[in-house]
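Descriptive structure summary
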Amino acid sequence: MANLHSERKNKQLAPIVDIADRVSTVTMEQRTPFKKGKKRTTEQENVKERDDKKHNGIAEWLRRLDEHPLRVTEQVRAKELRAKAGQEMEQLGNMVQIPLWIEQFMGFTILASLDCFLYYFTVLPIKIIVGLSWGRHNNAVRLSRTYRERVTLLLILCVSVGLSQLDTSKVYHRIKRQSAMKLYMLFNVLEVADKMLASLGQSLLNVLLSKKSYRHMRKQQILLVALSLCYLGCHCVVLLYQTIALNVAVNSYSNSLVTLLLSLQFAEIKSAVFKKFDKEGLFQLTLADSAERFKLTLLITIIMLRNLGTTQLPTLRQLPAWHSIVSNIMRSPVVYILGSELVVDWVKHAYVTKFNRIKPGIYDKFFYIMQRDHATSQQVYLERLGLPVLAYVTVSILMLHTTMHTVVEQSLGAKMWPGKHLTIGVVLTIGWFLVLLLMRLGIHRVLVLWGKHIRSRTPNNNKDETRIAVSSADYVTGPVVDGVGSMDSPTRTLIHGPELTPPPDIAEKRNEHDKNKPRGLETVTRYTMASKNIW
């Protein structure tokens, strides 16, 4: 009975045990994958942790490798970068302003040079006639009063007559047949000879035309006159060759000669940009550019007038349309030459002031000095600028006297009468004298008004001190470079060592020089060794 009862009980509990076994099996199956997944997750975390430690170790090694004991902090570095960016922005703004300051200075100096040039055609003859004709003094006093004018006129007439036999057409064709290499050498030789003769002539004429030198020493005076005639003749020959060579380039059908002239002008950039400049050197460079600009303008004007005299003048009906005239002018080599001269001056002065960290306001001091010199006397202005006006006047007479005569004959046609050439000469001389006199009076009036405007900018009493003196305020802060590299203060300290005091840099030397010589610009002239070079 007991066995039967246990068997029956087991049969009743069998379904329950079966269900429990199934549940246990399912539970074990669910637990087993969970344990495997947890183990995999732990391994992945360990691998990731090892990778992070390895990456952090590499980053730390690179950081230590890049460390430098002299490195400044990030805040100091950011401050230095902001200051440097402000300085560079100021430099870029100054470069943009350079053409305005340059052309203002060039405009005044060219007008003043033209005023001095026209003086020899207008005021000089009047002063000689009035000085010799009027007055109650005896002849010796009259001659003494017009000594300077008479000697100047003697030099011009003698050289003009002596060089009038020079056949410029033969010189023109001789230059035209030369190769480009020979012309390149010719232009360079003539340019160097022009500067050397201009410096020599300035010294000779200052001694000869002085009222106190050699007035009672006839032998020395005759020797000086002979030397001055030789100088003026040689300088006029050089200028004649320069004018004719430029005329060949302007009239040439190929662009080879024009390209040669442009290459010579752009060579000025290379010779001046990557050099250290102080205030005296920059002033002398500006004077040289102004004298070169006036010379180029005068020679091109002479060439245009000569070409006008060799062509048949058209009538009003034969004139082309205005747009055709403008198009021909814009495409002419004259525009290329003058335009390249402007661009070269702008680029050269922009980079010179940038590398030497000079503010463009310094050109206003140059402007004031030239205006004061022109208001003082013509001799002081010409000595400062180094302009050989006497040679320019003589070359203009040699190149234009036959051209003007030809133009008048073409306008008169075939009309003939006795003494025609003499009458044409007299009428032409009087007509051009009146035209040039009116032009000179107008230019002189403009210069006087312009000078009053310049002087009105400084209302205080000590005008020269404030307008000429150069201080540290006229420079942009920062290290001065020469276009190749720069050296800041930490680098200089590292090179010279912490124990030694670093020597003053370029900017500090310049500030000390300006402090000792605040009016050093007054001593600068075109042909004095004011700085390291004579431009």
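Keep in mind that what you see is a predicted model, and the values were worked out from it rather than measured.

Taken as a whole, this structure holds 11 salt bridges when the rule is applied. Residue Lys-348 is joined to Glu-268 by a salt bridge in which the shortest nitrogen-to-oxygen separation is 3.2 Å. Separated by 80 residues along the polypeptide, Lys-348 in helix H12 (residues 333-355) and Glu-268 in helix H9 (residues 256-272) bring together distant segments of the chain. The residues Lys-348 and Glu-268 share a single accessibility class, namely buried. For Arg-293, the salt bridge goes to Asp-345, with nearest N and O atoms at 2.9 Å. Of the two residues, Arg-293 sits in helix H10 (residues 279-310) while Asp-345 sits in helix H12, which places them 52 residues apart along the sequence. Judged by its relative accessible area of 7%, Arg-293 is buried. Judged by relative accessible area, which is 0%, Asp-345 ranks as buried. Among the charged side chains, a network of salt bridges with common partners joins Glu-103, Arg-293 and Asp-345.

A separate point is the confidence of the model for the protein chain. On average, the protein chain scores 77 in pLDDT, and the residues at 70 or more come to 68%. Across the protein chain, helix H14 (residues 378-385) holds the top mean pLDDT of 92, while helix H11 (residues 322-330) sits lowest at 54. Here residues 26-36 is modelled with pLDDT under 50, and outside its nearest four sequence neighbours on either side it reaches 0 contacts, counting other chains as well.

Judged by its relative accessible area of 2%, Lys-348 is buried. Apart from residues no more than four positions distant in its own chain, Lys-348 is found in contact with Glu-268, Ala-272, Val-273, Leu-285 and Asp-289.

What counts and how
- Residues numbered from 1 in each chain as written.
- Predicted model: local features only at pLDDT ≥ 70, side-chain atom pairs only at ≥ 80, totals over all residues.
- Heavy atoms only, no water.
- Salt bridge = Lys/Arg side-chain N within 4 Å of Asp/Glu carboxyl O.
- Helix = DSSP H or I, 4+ residues; strand = E, 2+ residues; numbered from the N terminus.
- Buried < 20%, exposed > 50% of the residue type's maximum accessible area, 1.4 Å probe, protein only.
- pLDDT = per-residue confidence, 0-100.
- Contact = heavy atoms within 4.5 Å.

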